[in-house]
Amino acid sequence: MANNRRRWIKLATAALSAAWLGLSVTPTPALAAEKIVVFAAASMKNALDNADAAFTKETGKEVTVSFAASGPLAKQLENGAPADIFISADTNWMDYVAGKKLIKDESRVNLLGNKLVLVTAKDKAKPVEIKQGLDLASLLGDGRLAIGQPESVPAGKYGKAALEKLGVWASVEKKVAGAESVRAALALVSRGEAPYGIVYQTDVSADPGVTVVGTFPADSHPPIVYPIAITSSSKNPDVQAYFDYLKSAKAVPFFEHEGFTVLKR
């Protein structure tokens, strides 16, 4: 009896030890890879979505993007919103975050260029010659001109500058419907809430109901430049690879397909 009891205790102890050892060597599941977080100008949505999908397919690394006007995105960064990369639709907002020490200055690069266009509903489209003294007020009639808010939306800033250069702004200023982003301005035209709008050339493909009726001369506004930079707060180890990808030849087709000019560096 005593021998049987000792044998049982020995076997039970061995079983518990084996179970404990088994638990101790079971690998801990790997932590989910941290997503790369990007703050990007709204006008980049189509091109960047496609580029990101290709990057994820190639590398397995996931990217999440917050699209909005550059001004509000810059303010979000200033208020501590977490992001790894900022892509602005103008240099002024990138200068702003640089002045606040929110980006790694050495990473900053001018990535893309764009064009400014006048759009209307496709079923009402007639070419408009955009020149000095353009009678845009008559074209608008009782309607509104959809543009991004010039104070915070780069496309609105460029639009106002172009209209001032052409001697048109004073005649249409009270007819302006300021939108929170360039895509919001595009939507106003698409929905028939504004007969005309000023947006980037690259935005037009996002809405089949809208078409270009005129292109603003390049010398009527400051150069449209999209700078990109890594944020100072980024700790994601995959950010540099993604950043390099957006600057590489692999990403060029996605940008050019939407009408962007890829700037030489």
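Computed from a predicted model, the values in this text were never measured in an experiment.

Engineer: How do you make sense of the sheet that holds strand E11 (residues 261-262) when you look at a structure like this?
Structural biologist: Sheet strands pair by backbone hydrogen bonding; their relative direction is either parallel or antiparallel. Across the sheet, six strands lie side by side as E2-E1-E3-E10-E4-E11; this open sheet has mixed pairing. The strands lining the two open edges of the sheet, one partner per strand, are strand E2 (63-68) and E11. Pairing of strand E1 (residues 36-41) with strand E3 (residues 85-87), which is carried by three bridges, proceeds in the parallel orientation. Residue pairing for E3: Ala40 is matched across the bridge by Ile87. Most of the contacts of helix H3 (residues 70-78) go to E1, to which it runs at about 140°, and overall it touches E1, E2 and E3.

Engineer: In this structure, what is going on with the packing of helix H2 (residues 45-59) against helix H9 (residues 239-247)? I would like to understand it.
Structural biologist: Closest axis-to-axis distance for the H2/H9 pair is 11 Å, and the angle between their directions is 125°. Relative to H9, the element H2 is oriented oblique. Seen from above, H2 lies across H9 with right-handed handedness. Side by side, H2 and H9 meet where Leu48, Ala51, Asp52, Ala54, Phe55 and Glu58 of the first sit next to Ala241, Tyr242, Tyr245 and Leu246 of the second. Broken down by class, the residue content of the contact of H2 with H9 amounts to eight nonpolar, no polar and two charged.

Engineer: Is there a simple way to explain the side chain of Asn236 in this structure?
Structural biologist: Relative to the helices and strands, Asn236 resides in the loop between strand E10 (225-230) and H9. Within the structure, the side chain of Asn236 is placed 3.2 Å from the backbone oxygen of Lys35, a separation counted as a polar contact. Once you skip the residues sitting within four places of it in the chain, Asn236 turns out to touch Glu34, Lys35, Ile36 and Asp84.

Engineer: Even after reading the chapter, I still don't get unusual backbone geometry, so can you show me in this structure?
Structural biologist: Apart from glycine, the bulk of residues carry a negative phi angle, and the bulk of peptide bonds sit in the trans form. Positive phi, normally seen in glycine, also occurs at Lys101, with a value near 60°. Note that Lys101 resides in the loop between helix H4 (91-99) and strand E4 (109-113). The exposure class of Lys101 is exposed, given its relative accessible area of 62%.

Engineer: What is the right way to look at the UniProt feature "binding site: molybdate" (unreviewed entry) in the protein in this model?
Structural biologist: Using the residue numbers shown here, the UniProt feature "binding site: molybdate" (unreviewed entry) corresponds to Ser43, Ser70, Ala155, Val182 and Tyr200. What stands out for the annotated residues spanning 158 residues is how close their C-alpha atoms remain, the widest pair being 14.0 Å apart. As for the annotated residues named above, the ones lining the largest cavity are Ser43, Ser70, Ala155, Val182 and Tyr200. Relative to the helices and strands, Ala155 resides in helix H6 (residues 154-165). Judged by its relative accessible area of 1%, Ala155 is buried. Excluding anything up to four places from it in sequence, Ala155 contacts Leu116, Val182 and Tyr200. Looking at the secondary structure, you find Val182 in helix H8 (residues 182-190).

Reading guide: rules and limits
- Residues numbered from 1 in each chain as written.
- Predicted model: local features only at pLDDT ≥ 70, side-chain atom pairs only at ≥ 80, totals over all residues.
- Heavy atoms only, no water.
- Pairing = 2+ DSSP bridges.
- Helix = DSSP H or I, 4+ residues; strand = E, 2+ residues; numbered from the N terminus.
- Contact = heavy atoms within 4.5 Å.
- Axes fitted to C-alpha atoms, helices over the stretch in contact; angles between N-to-C directions.
- Parallel < 35°, antiparallel > 145°, perpendicular 65-115°, else oblique.
- Left-handed = near helix turned anticlockwise from the far one by under 90°.
- Nonpolar A, V, L, I, M, F, W, Y, C, P; charged D, E, K, R; others polar.
- Polar contact = N/O pair within 3.5 Å; in protein donor to acceptor, adjacent residues only side chain to side chain.
- Buried < 20%, exposed > 50% of the residue type's maximum accessible area, 1.4 Å probe, protein only.
- UniProt positions renumbered as here; feature names shortened; annotations may be inferred.
- 1 Å grid on protein atoms, 1.4 Å probe; cavity = no way out; pocket = protein on both sides within 12 Å on 5 of 7 lines; lining within 4 Å.

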